[in-house]
Amino acid sequence: MLAPYKQAVDELKVKFKGVREQFKHSPRHTPIEFVTGRVKPVSSILQKAKRKNIPLNELEGTMQDLAGIRIMCQFVGDIDTVVDLIKIRNDFKIVEEIDYVKHKKESGYRSYHMVLEYPVQTIDGEKPVLVELQIRTLAMNFWATIEHSLQYKYSGQIPREIEERLHRASEAAFRLDEEMSQIRGEVREAQKIISSTTDSIHKPNS
């Protein structure tokens, strides 16, 4: 059952890495830092199915994260750029999207989520599979990775004190993202001024 999902992950990773390479060979800023992907382990699938009372014969239509792709960005603004790039593609369909960047979860989690319906070509014909796509900054990913490991350690029952510290850490990570974006903007403006001044100096008098 999972074979088409692995194929979808492999193909989408190649496609999104291809987008990154195109930007690298252009004068524009590259919004994609790197791309990862995975198919949910069988043990995790069974645990989630039991927890959410999902019959095994309904997994493919109900569990939207059997396959997952994650796109990492340097800056918060890059997330919007990647989302826009995805929306103009016609090799898959966007089934659902949730903006946890502007509307964070209560835990402090931030990321932009999309569920894609991707057509996999199999020996039995075309098979559409659902793929969860997460787009986030490096800082958001660092926080989410730590939070996920703590959820696993405490079996989903993280002590209140640690929850509060995690929330504060989430806000600190987001402030870091905002500060780095502001610095980037100021550097770009300075570069424009320097470039304009240099052009004026070297421009021949008429």
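About the thresholds
Residues numbered from 1 in each chain as written. Predicted model: local features only at pLDDT ≥ 70, side-chain atom pairs only at ≥ 80, totals over all residues. Heavy atoms only, no water. Buried < 20%, exposed > 50% of the residue type's maximum accessible area, 1.4 Å probe, protein only. Helix = DSSP H or I, 4+ residues; strand = E, 2+ residues; numbered from the N terminus. Arc of directions from axis to C-beta. Contact = heavy atoms within 4.5 Å. Salt bridge = Lys/Arg side-chain N within 4 Å of Asp/Glu carboxyl O. Patch = residues over 30% accessible without salt bridge, like charges linked within 9 Å, V, L, I, M, F, W, Y side chains within 5 Å. Areas by Shrake-Rupley, 256 points an atom, 1.4 Å probe, with all protein chains shown as cover. Pairing = 2+ DSSP bridges. Axes fitted to C-alpha atoms, helices over the stretch in contact; angles between N-to-C directions. Core = buried A, V, L, I, M, F, W, Y, C linked by side-chain atoms within 4.5 Å. Polar contact = N/O pair within 3.5 Å; in protein donor to acceptor, adjacent residues only side chain to side chain. Phe/Tyr/Trp six-rings, centres within 6.5 Å; stacked < 30°, edge-to-face > 60°. Lys NZ or Arg CZ within 6 Å of the ring centre and 35° of its normal.

Novice: Would you explain helix H2 (residues 42-51) in this entry?
Specialist: One full turn of an α-helix is made of 3.6 residues, so residues set three or four places apart face in the same direction. Looking only at H2, the buried set comprises Ile 45, Lys 48 and Ala 49. One side of H2 carries all its buried residues, which in axial view fall inside an arc of 100°. Facing away from the buried side of H2, by more than 90 degrees, are the exposed residues Gln 47, Lys 50 and Arg 51. Tucked into the core, H2 has its buried residues touching helix H3 (59-62). Once H2 ends, the next one or two residues include Asn 53, with phi positive near 55°.

Novice: Sorry if this is basic, but what is going on with the pattern of salt bridges here?
Specialist: Pairs can form between side chains of opposite charge once their charged atoms are near each other. The final tally for this structure, using the stated rule, is 16 salt bridges. For the salt bridge of Lys 127 with Glu 60, the shortest nitrogen-to-oxygen distance reads 3.1 Å. Residue Lys 127 is found in strand E5 (residues 125-137), and its partner Glu 60 is found in helix H3; the two are separated by 67 residues along the sequence. Here Lys 127 falls in the partly exposed class, since its relative accessible area comes to 25%. Here Asp 78 ties to Arg 184 by a salt bridge, and the two come within 3.8 Å at their closest N and O atoms. Placement of the pair is Asp 78 in helix H4 (residues 76-87) and Arg 184 in helix H6 (residues 160-202), with a sequence separation of 106 residues. Judged by its relative accessible area of 2%, Asp 78 falls in the buried class. Through salt bridges with shared partners, a single network forms among Lys 15, Arg 89 and Asp 91.

Novice: What is the right way to look at a nonpolar patch on the surface in this model?
Specialist: A contiguous nonpolar patch, built from Leu 176, Met 180, Ile 183 and Val 187 and spanning about 330 Å² of accessible area, is present on the exposed surface. Topologically, Met 180 is positioned in helix H6.

Novice: Would you take a moment to explain the sheet that holds strand E4 (residues 112-122) for this structure?
Specialist: One open sheet accounts for 5 strands, arranged E1-E2-E5-E4-E3; its pairing is mixed. At either margin of the open sheet sits one strand with a lone partner, and together these are strand E1 (34-39) and strand E3 (93-99). The mean inter-strand angle of the sheet, taken between neighbouring strand axes irrespective of direction, is 25°. Both E1 and strand E2 (residues 67-73) contribute to a ladder of 6 bridges, which runs antiparallel. Pairing of Thr 36 across the sheet is with Arg 70, part of E2.

Novice: Which parts of the structure should I look at to understand the nonpolar core?
Specialist: Taken as a class, soluble globular proteins show a tendency for nonpolar side chains to be buried jointly. By size, the foremost hydrophobic cluster in this structure holds 37 residues, and its most contacted members are Phe 16, Ile 69, Ile 71, Ile 86, Leu 133 and Ile 135. Mapped onto this core, the elements with two or more residues apiece are helix H1 (3-24), H2, E2, H4, E4 and E5. Per-element tally for this core: the top contributor is H1, with 7 residues. Other than its neighbours up to four places away in sequence, Leu 133 contacts Phe 16, Ile 69, Ile 71, Ile 86, Tyr 112, His 113, Met 114 and Leu 116. Tyr 100, Ala 144, Leu 150 and Ile 158 belong to the second largest nonpolar core, which has 7 residues in total.

Novice: I keep staring at the side chain of Asp 99 and nothing clicks. Help me out?
Specialist: Positionally, Asp 99 belongs in strand E3. Overall, the relative accessible area of 16% leaves Asp 99 in the buried class. Within polar-contact distance, the side chain of Asp 99 engages the backbone nitrogen of Val 101 at 2.9 Å. Leaving out residues up to four positions away in the same chain, Asp 99 has contacts with Ser 111 and Tyr 112.

Novice: Is there a simple way to explain the packing of aromatic side chains in this structure?
Specialist: We describe a pair of aromatic rings using the distance from one ring centre to the other and the angle between the two ring planes. As enumerated under the stated definition, the model contains 2 aromatic pairs in all. With a centroid separation of 5.9 Å and 70° between ring planes, the pair formed by Tyr 100 and Tyr 109 is classed as edge-to-face. Taken as a pair, Tyr 100 and Tyr 109 share a single burial class, namely buried. Positioned over the ring face of Tyr 100 is Lys 105, at 4.9 Å from the centre of the ring. A cation over an aromatic ring shows up here: Lys 105 above the ring of Tyr 109, its NZ or CZ 5.0 Å from the ring centre.

The analysis is restricted to geometry; functional conclusions fall outside its scope.
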